[in-house]
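Structural overview
The chain contents come next:
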Amino acid sequence: MNDVITSILSYPFMARALVVGTLVALCAALLGVSLVLKRFSMIGDGLSHVGFGALAIASALNTQPLLIAVPVVIAGAFLLLRMNRADKMSGDSATALLSTGALAIGVMVISMSSGMNTNVYNYLFGSILGMSSQDVVLSVVISVVVLIVFVLFYNRIFAVTFDESFAAATGTRIQLYNSVLAILTALVIVVGMRIMGSLLISSLIVFPALTSMLLCRRFFSVIICSSVISVVCLLAGLILSYVLAAPAGASIVICNLVVYGVFRLLSLFHSIPRTL
Amino acid sequence: MSLITCENLSYAYDNVVICDQLNFQVEDGDYLCIVGENGAGKSTLVKGLLHLKKPAGGQLLYGDGLRADEIGYLPQQTQIQKDFPASVQEVVLSGCLNRLGLRPFFTAAEKEIARQNMEALEILDLKDACYRQLSGGQQQRVLLARALCATKKLVLLDEPVAGLDPALTQTMYDYIYKVNRKMGITVIMVSHDLEAALRFSTRILQIGHRQLFFGTPEEYRKSPQYRMLVQSRNARHVRLPGTEKGDSDE
């Protein structure tokens, strides 16, 4: 086991993937709890498709991918929030509209410029080779910002997640905090989709939250538990993908799926102490 | 000065008037019940009183140093809350959010306020329990404790006994009565339960797209508005516990 870890760390691209992956997994787990409870988890999926379109355009223009993807996905997040609020269309059909639209634009842009090649495959399913050291710096900065904002706004995020009408009535600016949540989600998705791929990134948001809610009975312990699960699954997944030479994103999702199954089984035994 | 004064107040959605000609006052220590048919504009008025909806006309004035964000609100339960993983303490403490200002975290002072309110509503022994595993009555007490954390003067309760069985309903009314009389908190309650409204409240407001009645329960019992509301409910075969025969018969 030690040999595997030493040999993993001897590859710079693996070390980069470990650093960025850990931070992204942590951020995604924190935001995921709130998004899942607010029934917003499909927003993550919608945004990852918008991210695919943005990456396709960035590669056609030959620019630094994050510089294009970050503003485009944030704009997408605002659009999704607005469409969810407007009540003219139900939230899930609005999400479907935006995500398939963005996917189609992305495919068109790629086929008109470089043609369908390994790039497309990497965008869809992720690649640990895709990160330059410049990307790593930007990703670390974004992740740290997300972490700090989440911790500072923790109590507000709880209030807005649990009961929007009460929070609004007692003077909490719910639009502001919903927007903060959307922006943070957009940032995490843009950073994470390089490793996980746009088809799999939303699993990082959904799985740890759902898994920890099977056993935890307090919001704070759900947050802590899903952070731990998310980071452990990410590391296990990266090791698995190295050993089996499998795609990293899929390996990480498989680990999450296994942990979910284990927790599901545990939750059937009522003797587990419910004090978490 | 009255805690709340409404003068010719009206609310509208997209220029369609939902309710207007509202003229009533809420005094310190009052227990005001807002009654009316479904769709009479009660929920709109609640939103208005909380400043979540702007008046279409007239004036809504707060007195005695009351601020809009210092009204303890007990909303109707949402689907999200029914399976929400949170402890009782976490939920109650979130009521102190309007005391934070720009601070990010709660201090011992806020935790003490939450403790006192849990004690007053006798849920202190449940403070580490999971909210979603409580009974309906206990959940409402938790939300009432949270509302008390947000205010020093006034709580606004939107159908606080909806979905509770008769025994739990009675207990909930007892707690609300205690909040009003012992803790000296002014109560505004939206209710379907005319009988309880007449028994506990000090003021009744009936609306049906406009103000139909405002006054004491004694006056209300004798009023034609009361008789009409009871009749229309009986016509729809809604059993009204404790309604005197004389009121519903011709």
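These numbers were taken from a predicted model, which means no experiment stands behind them.

**Quick look at the domain arrangement of chain B**
Residues and elements named next belong to chain B. Along its sequence, chain B is organised into domain 1 (1–66 + 154–250) and domain 2 (81–152). Each of domain 1 and domain 2 was reduced to a C-alpha centroid, and the two centroids are 26 Å apart. Taken together, the contact between domain 1 and domain 2 spans 14 residues of the former and 13 residues of the latter. Interface of domain 1 and domain 2: buried area, both sides summed, is about 1,100 Å²; carbon and sulfur atoms make up 72% of it. When residues of domain 1 are sorted by the area they lose upon contact with domain 2, M172, Y175 and M183 head the list and together hold 39% of the total. Where domain 1 packs against domain 2, one counts one salt bridge.

**Regarding the sheet that holds strand 5 (residues 71–74) of chain B**
All names here are of chain B. With mixed pairing, the six strands of this open sheet are ordered in space as 5-6-7-3-8-9. Lying at the two open borders of the sheet, with one neighbouring strand each, are strand 5 and strand 9 (211–215). Across the sheet, the mean angle separating the axes of adjacent strands is 15° when strand polarity is ignored. Pairing analysis gives four bridges linking strand 3 (residues 31–35) to strand 8 (residues 203–207), with the strands arranged parallel. Residue C33 lies in a different strand from strand 8, and its bridge partner there is I204. Strands in contact with helix 5 (residues 136–149) are strand 5 and strand 6 (154–158); relative to strand 5, the strand with the most contacts, it is inclined by about 165°. Most of the contacts of helix 6 (residues 166–181) go to strand 7 (residues 186–190), to which it runs at about 145°, and overall it touches strand 3, strand 5, strand 6 and strand 7.

**Brief notes about the side chain of B:T5**
Residues and elements named next belong to chain B. Mapping T5 onto the fold places it in strand 1 (residues 4–13). Residue class for T5 comes out buried when judged on its relative accessible area of 13%. Ignoring anything within four residues of it in the chain, the contact list for T5 reads F24, Q25, Q59, L60 and L61.

**Topic: the side chain of B:Q211**
All names here are of chain B. In this fold, Q211 is placed in strand 9. The class for Q211 is buried, based on a relative accessible area of 17%. At 2.6 Å, the side chain of Q211 forms a polar contact with the backbone nitrogen of N23. Apart from the residues lying within four places of it in its own chain, the contact partners of Q211 are D20, Q21, L22, N23, F24, L205 and Q206.

**Section: a nonpolar patch on the surface**
All names here are of chain A. A contiguous nonpolar surface patch, about 1,000 Å² in accessible area, is contributed by L240, V243, L244, I254, L257, V258, V262, L265, L266, L268 and F269. When contributions to the nonpolar patch are tallied by element, the ones reaching two or more residues are helix 12 (219–244) and helix 13 (248–268). In terms of residue count, the dominant contributor to the nonpolar patch is helix 13 (seven residues). By the secondary structure assignment, L244 is in helix 12.

**Focus: the pattern of salt bridges**
Under the criterion given, the structure shown has eleven salt bridges over all chains. Measuring nitrogen to oxygen at the nearest pair gives 3.0 Å for the salt bridge that ties A:K38 to A:E164. Here the residue A:K38 occupies a position in the loop between helix 2 (12–37) and helix 3 (41–61), and A:E164 occupies one in helix 9 (residues 164–169), the gap between them amounting to 126 residues. Since its relative accessible area comes to 7%, A:K38 is described here as buried. Between B:E195 and B:R199 there is a salt bridge, with its nearest N and O atoms 4.0 Å apart. Taken together, the residues B:E195 and B:R199, both in helix 7 (residues 194–200) and four residues apart, mark about one turn of the helix. Look at B:R199 and you get partly exposed, because its relative accessible area is 47%. One salt-bridge network, in which partners are shared between bridges, spans B:R67, B:D69 and B:E70.

**Regarding the sheet that holds strand 2 (residues 16–26) of chain B**
Residue and element names in this part refer to chain B. Here three strands make up an open sheet; going across it, the order is 2-1-4 and the pairing antiparallel. The outermost strands of the open sheet, each flanked by one partner alone, are strand 2 and strand 4 (57–62). Across this sheet, the average inter-strand angle for adjacent strands is 25°, counted without regard to direction. Two elements, strand 1 and strand 4, share five bridges in a ladder whose sense is antiparallel. Paired with C6 across the strands is L60, a residue of strand 4. Contacts between helix 1 (residues 42–49) and the sheet are confined to strand 1, strand 2 and strand 4, with strand 1 contributing the most and set at about 120° to the helix.

**Focus: the packing of helix 4 (residues 108–120) of chain B against helix 5 of chain B**
Think of two packed helices as two axes; the pair is described by the angle between the axes and how far apart they sit. Residue and element names in this part refer to chain B. Their axes nearest at 9 Å, the elements helix 4 and helix 5 cross at an angle of 135°. Considered as vectors, helix 4 and helix 5 are oriented oblique to each other. Regarding helix 4 and helix 5, the two cross each other, and that crossing is right-handed. Contacts between helix 4 and helix 5 pair I113, A114 and N117 from the former with A145, L148 and C149 from the latter. Split by residue class, the contact of helix 4 with helix 5 holds five nonpolar, one polar and no charged.

**Notes on empty space enclosed by the protein**
Residues and elements named next belong to chain A. For the structure shown, the criterion picks out one cavity of 30 Å³ or more. In this structure, the largest cavity spans a volume of roughly 40 Å³. Looking at the lining of the largest cavity element by element, the count peaks at four residues for helix 10 (residues 174–196). A breakdown of the residues in the lining of the largest cavity according to their chemical character gives six nonpolar, two polar and no charged.

Cut-offs used in this document
Residues numbered from 1 in each chain as written. Chains lettered and ligands numbered in written order. Predicted model: local features only at pLDDT ≥ 70, side-chain atom pairs only at ≥ 80, totals over all residues. Heavy atoms only, no water. Domains from an automatic or database assignment. Contact = heavy atoms within 4.5 Å. Buried area = accessible area lost by both parts, 1.4 Å probe. Salt bridge = Lys/Arg side-chain N within 4 Å of Asp/Glu carboxyl O. Pairing = 2+ DSSP bridges. Helix = DSSP H or I, 4+ residues; strand = E, 2+ residues; numbered from the N terminus. Axes fitted to C-alpha atoms, helices over the stretch in contact; angles between N-to-C directions. Buried < 20%, exposed > 50% of the residue type's maximum accessible area, 1.4 Å probe, protein only. Polar contact = N/O pair within 3.5 Å; in protein donor to acceptor, adjacent residues only side chain to side chain. Patch = residues over 30% accessible without salt bridge, like charges linked within 9 Å, V, L, I, M, F, W, Y side chains within 5 Å. Areas by Shrake-Rupley, 256 points an atom, 1.4 Å probe, with all protein chains shown as cover. Parallel < 35°, antiparallel > 145°, perpendicular 65-115°, else oblique. Left-handed = near helix turned anticlockwise from the far one by under 90°. Nonpolar A, V, L, I, M, F, W, Y, C, P; charged D, E, K, R; others polar. 1 Å grid on protein atoms, 1.4 Å probe; cavity = no way out; pocket = protein on both sides within 12 Å on 5 of 7 lines; lining within 4 Å. Points joined across faces, edges and corners; volume = space filled by probe spheres on them.

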